[in-house]
Every structure is written in structure tokens, then in C-alpha cells.
Amino acid sequence: MNASELLANSLSPDATTRQNATTQLENAARMDYGSYVSHLAQVVADESSPSHIRTAAGLALKNSLYSRDYARQNEFSQRWLEQLDPNIKNNVKQQLLQTLGSPSAKAAGDAGQVIANIAAIELPSGQWLDLVHTLLGFVNQTTNISLKVATLQTIGFLCEGIKPEVLAAQSNEILTAVVQGARSDETNKDVKLSALRALYNSLEFVRDNMENEGERNYLMQVVCEATQYQDTDVQVAAFECLVRIMGLYYDKMGFYMERALFGLTSLGMKASEEAVALQAIEFWSTVCEEEIELAIEAVEAILEAAEEYGEPPARESKHFARIALPEILPIILQLLTKQEEDVDEDEWNVSMAAGTCLSLLARATGDMI
């Protein structure tokens, strides 16, 4: 089939042309799936193809590999794993990996998403186990910034779309790649931003690394330093990581609250950039939510103990909110005053976030407010 022509026609403003092309593509996928994915991968990798055609090819590939419907996804997975010649699969994967280095950021991003779709099928089946190692090699090279950015984005897609238990065995390599891209001596904004977004998606399955004090200290140092980077998007991504870290690893945060997090988030809430302030406020809302839940668990443990069959709670509150209240409450109250007359009621803003945080603070600290 002439994949480029069919893809172009599938985007035609003429309904008949568009429908005919779509039908032919669907028939091609059904009749000869191996040829179908091979042609699409060639278009994605072809630097001479127009950008919109490469995007259409990437989308068609993705749609042949991923579905939100469980039964259909199972069908797609079986087709890829059981019906394709291994040589075809390897060629498709190599073309996609090659496209990560494309001068076109859009094509590279599309390739990264398809790589993640294939990995979501193959990794749980014990296939493509060298993928993460290959991606780490791309990150370690220093000459092609576009390749590094696209690779970090791909790692982020992997972490977002694949169950944590599947990737847990490769957490060391993943963490090495993303932390390297996020650290302070990385001066390229796009690399740093992609690394932080990938780190955000990887945090759930790096529990073993977070149990290691040395690794945890280094990760926290990198993220905290990124909150002070001169670019707003990077600052926001770093604070987003801190919010999620607090939600996932509250029990490990005592040392870092004393040394850095209290000061960084206090400054963040005062930031002139609303996006930064919102994430810093969200950090304290997350602290309060954790401590409210821990207070409930503590009461339940007391009631069960009174009936002589209970056990002490597995976790205990560190009372971060109570300790920080004298300093953060004035900031929250000040932020409540940041209201604009023409604000959209459906648009989340600093004042709304501060109001929510104040309510949570009151629940977490009780009579202290």
C-alpha cells in the first residue's frame, strides 16, 4: 500500500476521499498487519515526509496498539505478540528508536509514544528487556540534545503507561537517566524539564531507591535545586515532584522538611508566577491530607486497643503542619486576598488554592487555628 498517500487522503477535507482512505487503512491493518505497521513505521522515520503525514502515521500506529477498552487492548496485544514476524517487530522498533533523534520534535515525540505503547505490550511478557538500557545510552550521549529530550519524554511515557511492578526491576536505570537530566549541571532547559516530568511519572515504583538514604538524599537534592532554576516551567515541574514525593513518601520527609522543604515551599507560595505558587500551596495541602488521614488512623488504633485486639498504627504523624503553622498561616491568609474582579469561577487560582489549603490546615491542626 502507499501509506503516505492514504494517510494524506485520510486528512482530506473531502468527506468521500477521507472515508475511502480510512477504510483502506483499516482493511490493510486487518488483512496484513505486518505490512501495515511496517509501512507506518517507515513513514514516521522518513525525514522527507511532511510533518502532518508523519504525525498521522504515528497516530495510526498508536491506535493499532492501544485501546482504553480492556477486551480490545487484549486483542491488540495478542496480535502484536503472536501474529507478527519477529523481524518485522524488530524493524519497527528500530525505526522508532531511530526517530527519537529526529530534528522534528513532533516526530520524535510521536515515536516515543508508540515505543511506550509497544513496551506496555512486550515488557509484561518478558520481551524488549533491553529497552530501558538502550534509552539510558541515549541519555548518556552529550552531542544530540534533541535525542536526549525525546528519550527522557519516552521514559516518562513508559512510566506513565506501564504498571509499576513491571518497571520496578529497572528502577535503578530509569532513576539514573532522569536524575542525570534533572541535576543542576544540566544547563539545557528542555532536557531538565523532560527529566523532571519523567521523574514525576517514575516516583511510584522507585520505593526501593527511596529506602536507600544515599539515593534518597541525592534525588531530593536534585529536585530541590530544580525549584530554584530560572525557568518557570522547570520550577513548576520540580514542585510537582515534591508534591508527589510528599504524598508517596511522607514517612521519609522529616529530615528534608527541616533542611529545605519548609523554606523552599514558603518562598514558592510567595512567587510572582501563579503556576509556581499553586504547586507550593498544593504541597502543604498534601501534607495536611496525609496528616488528617494519619490522625484518623491513630483514633481507630486507640479504639481497637480499648477492645483489646488492636495494634498500634503502622505510621505516625510527624505534625509538619502544626510545626510550620506559625510561618505558613500568614502566607496563606495573604494569598487569600489575591482575588481579581473578573476571575473565571471555573479557573483554579491562587486564592482558591489558598482557601482549600486553609480548610485542610484547620482540620490538620485543630484548635491551633
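On a predicted model such as this, the values are computed, not experimentally measured, just so you know.

Engineer: What should I look at first to understand the confidence of the model for the protein in this one?
Structural biologist: In low-pLDDT segments, the atomic positions of the prediction should not be examined closely. For the protein, the mean per-residue pLDDT works out to 91, and 95% of the residues sit at or above 70. For the protein, the element scoring lowest by mean pLDDT is helix H1 (residues 3-10), at 84; helix H15 (residues 232-248) scores highest, at 97.

Engineer: How should the side chain of Lys89 be read in this particular structure?
Structural biologist: With respect to the secondary-structure elements, Lys89 resides in helix H6 (residues 86-99). Here Lys89 occupies a buried position and makes no salt bridge, while the nearest side chain of opposite charge, Glu122, is found at 4.5 Å. Of the polar contacts made by the side chain of Lys89, one reaches the backbone oxygen of Leu81; its length is 3.5 Å.

Engineer: For this particular structure, what's the right way to read the nonpolar core?
Structural biologist: Core analysis: the biggest nonpolar cluster contains 119 residues, and Met253 and Trp284 have the highest contact counts within it. Examining the composition of this core, we find that 11 residues originate from one element, helix H17 (residues 274-306), more than from any other. When near neighbours in sequence (up to four residues on either side) are disregarded, Met253 contacts Met210, Met220, Ile245, Met246, Leu261 and Phe320.

Engineer: For this particular structure, what's the right way to read the side chain of Ser171?
Structural biologist: Turning to its location among the elements, Ser171 is positioned in helix H11 (residues 171-182). A residue is classified by how much of its surface remains accessible, and Ser171, at 6% relative accessible area, is buried. Setting aside its immediate chain neighbours within four residues, Ser171 contacts Phe205, Val206 and Asn209.

Engineer: Quick question: what am I supposed to make of helix H2 (residues 15-31) here?
Structural biologist: Here H2 contains 17 residues, and its C-alpha end-to-end distance of 24 Å stays within 8% of the 24 Å for a straight helix at 1.5 Å per residue. Buried residues of H2: Ala21, Leu25, Ala28 and Ala29, and no others. Angularly, the buried residues of H2 cover 100° about the axis, an arc narrow enough to put them on a single face. Residues of H2 that are exposed and point over 90 degrees away from its buried face: Thr16, Arg30 and Met31. If you follow the buried residues of H2, they end up packed against H1, helix H3 (33-45) and helix H5 (70-83).

Cut-offs applied
Residue numbers run consecutively from 1 along every chain, following the written order of its sequence. Restriction of local features to residues with pLDDT of at least 70 applies here, the model being predicted, together with a cutoff of 80 or more for giving and counting side-chain atom pairs; totals for whole chains, interfaces and linings are based on all residues. To get the side-chain values, all heavy atoms of the structure are used, and hydrogens and water are removed first. Summary of the metric used: pLDDT quantifies the predictor's per-residue confidence within the range 0 to 100. Numbering of helices and strands runs from the N terminus; a helix is a DSSP stretch of H or I covering at least four residues, while a strand is a stretch of E covering at least two. Each residue gets one of three labels from its accessible area relative to the maximum for its type: buried under 20%, exposed over 50%, partly exposed in between, using a 1.4 Å probe on protein chains only. Asp and Glu count as negative and Lys and Arg as positive, but His and the ends of the chain are not part of the count. Here, a salt bridge means any Lys or Arg side-chain nitrogen found within 4 Å of an Asp or Glu carboxyl oxygen. Between N or O atoms, a polar contact is any pair within 3.5 Å; within protein, one atom must be a potential hydrogen donor and the other a potential acceptor, and residues adjacent in sequence are included only when both atoms are from side chains. Within this scheme, the nonpolar core is defined by two criteria: the residues are buried Ala, Val, Leu, Ile, Met, Phe, Trp, Tyr or Cys, and they are joined through side-chain atoms within 4.5 Å. Contact between two residues is taken to exist if any of their heavy atoms lie within 4.5 Å; hydrogens are not considered. Expected span, for any helix, means 1.5 Å times one less than how many residues it has. Arc definition: it is the arc formed by the directions from the helix axis to the C-beta atoms.

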